[in-house]
Amino acid sequence: MSPITVVASGELTAIASATTAAAASAPAYLPALLLTLVVEVPALLLLARLFARVSVPLALAGAVGVNLLTHPILYAASAGFSSWTQLLAAEALVAFVEGLALAWVWRVPLRESWPLVGAFAVNALSTLAGLALYR
């Protein structure tokens, strides 16, 4: 059973977990995940090879791994968004988490900002692609 919350109108609304939401809407979720991977992974691989100089397998593991970690959570949460502000804030949080995770996986010192900048850039690209295709 999903937890519930009371919204401003007094109405009860179910809150789905990321796993529940992804499983319930698998036909819609899978194309969204695929689009994200198609847009973000090549760009992140290029960044990793140019700046971190890591091996292709490690670059690929980081690029795919961060998306598999954050995408289902953001996808489930976005079902309840009612404004662009919520989407932008969530995307910024995801980009921040992904940038830190990539820096850790690729062993990039935190004083180097390119993993965060790169994560923000590729997340912006995939968000725009998703909005253009699924709007």
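Scoring rules and cut-offs
- Residues numbered from 1 in each chain as written.
- Predicted model: local features only at pLDDT ≥ 70, side-chain atom pairs only at ≥ 80, totals over all residues.
- Heavy atoms only, no water.
- UniProt positions renumbered as here; feature names shortened; annotations may be inferred.
- Helix = DSSP H or I, 4+ residues; strand = E, 2+ residues; numbered from the N terminus.
- Contact = heavy atoms within 4.5 Å.

### Quick word on the UniProt feature "transmembrane region" (unreviewed entry) in the protein chain
Per the UniProt record, the feature "transmembrane region" (unreviewed entry) sits at residues 33–51, 58–78, 84–106 and 113–134. Split by type, residues 113–134 is 95% helix and 0% strand. Its first and last C-alpha atoms lie 31 Å apart.

### What about the side chain of Asn-67?
With respect to the helices and strands, Asn-67 occurs in helix H3 (residues 56–78). Sequence-distant contacts of Asn-67, defined by excluding residues within four places in its chain, comprise Thr-36, Leu-37, Glu-40, Val-41, Leu-44, Pro-72 and Glu-98.

### What to know about the side chain of Glu-91
Topologically, Glu-91 is positioned in helix H4 (residues 84–105). Excluding residues within four positions of it along the chain, Glu-91 makes contact with Leu-74, Asn-123 and Thr-127.

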